[in-house]
Amino acid sequence: MAIEVVSASMMTSDATAHIARCVGGDLWVVSWLPGRTLSGAQALAAMTIASTTARDGDGADAEWDRIESLSRELGLTGREAVYLVDIENHELRRPAPPHVRHRE
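> Teacher, can you tell me more about the sheet that holds strand E1 (residues 3-6) here?
Hydrogen bonds between backbone groups are what pair the strands of a sheet, and the pairing can be parallel or antiparallel. Taken together, 4 strands build an open sheet; the order of strands is E1-E2-E3-E4 and the sheet is antiparallel. Each of the sheet's edge strands pairs with one partner strand only, and the pair in question is E1 and strand E4 (27-30). Within the sheet, the average angular offset between the axes of one strand and its neighbour, ignoring direction, is 20 degrees. The sheet strands contacting helix H1 (residues 40-54) are E1, strand E2 (10-13), strand E3 (20-24) and E4, and the helix crosses E2 at an angle near 20 degrees.

> Help me understand the pairing of E2, please; the structure alone is not making it clear to me.
Regular strands place side chains that alternate from one sheet face to the opposite one. Pairing geometry for E1 and E2, over 4 bridges, is antiparallel. Bridge assignment links Ile 3 to a residue of E2, and that residue is Ser 13. The antiparallel hairpin formed by E1 and E2 contains 3 residues in its connecting segment, where Ser 7 sits at a positive phi of about 50 degrees. Sheet topology places E2 next to E3; 2 bridges connect them, and they run antiparallel. Within E3, the residue paired with Met 10 across the bridge is Arg 21. The turn joining E2 and E3, which pair antiparallel and follow one another in sequence, is formed by 6 residues.

> I tried to follow a nonpolar patch on the surface on my own but got confused; where do I start?
Taken together, Val 23, Leu 27 and Val 29 make up a surface patch of nonpolar side chains, about 230 Å² in accessible area. By the secondary structure assignment, Leu 27 is in strand E4.

> Quick question: what am I supposed to make of the environment of Leu 74 here?
Here Leu 74 lies in the loop between helix H2 (61-73) and helix H3 (78-87). On a C-alpha basis, the gap between Leu 74 and Leu 33 in space is 9.8 Å, while along the polypeptide they are 41 residues apart. Excluding its chain neighbours within four sequence positions, the residues that come into contact with Leu 74 are Trp 32, Leu 33, Arg 36, Leu 38, Gln 42, Ala 46 and Ile 49.

Parameters at a glance
- Residues numbered from 1 in each chain as written.
- Predicted model: local features only at pLDDT ≥ 70, side-chain atom pairs only at ≥ 80, totals over all residues.
- Heavy atoms only, no water.
- Pairing = 2+ DSSP bridges.
- Helix = DSSP H or I, 4+ residues; strand = E, 2+ residues; numbered from the N terminus.
- Axes fitted to C-alpha atoms, helices over the stretch in contact; angles between N-to-C directions.
- Contact = heavy atoms within 4.5 Å.
- Patch = residues over 30% accessible without salt bridge, like charges linked within 9 Å, V, L, I, M, F, W, Y side chains within 5 Å.
- Areas by Shrake-Rupley, 256 points an atom, 1.4 Å probe, with all protein chains shown as cover.
- Salt bridge = Lys/Arg side-chain N within 4 Å of Asp/Glu carboxyl O.

Set out below in structure tokens:
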């Protein structure tokens, strides 16, 4: 699991499609937390949670403890964070389809 910072403006991971984007200064938005603005440290925590939950595994206690700890940095429980990562699982790296306007 590697989280990469691209041009100091985006965080990506090889384990998940979720991303974080810098919106100015040390303010970040994360794909699985729509409507929230985070600090850089919080965005890194959010990306680590998304990457950890994306990997198939046996749910080891050490990983769960890490998810719980990182989630607290975001004001969430571990269960809330895992749920939000799952329901906001969109393919964000793919370009959006062109908007088609139909005329009647």
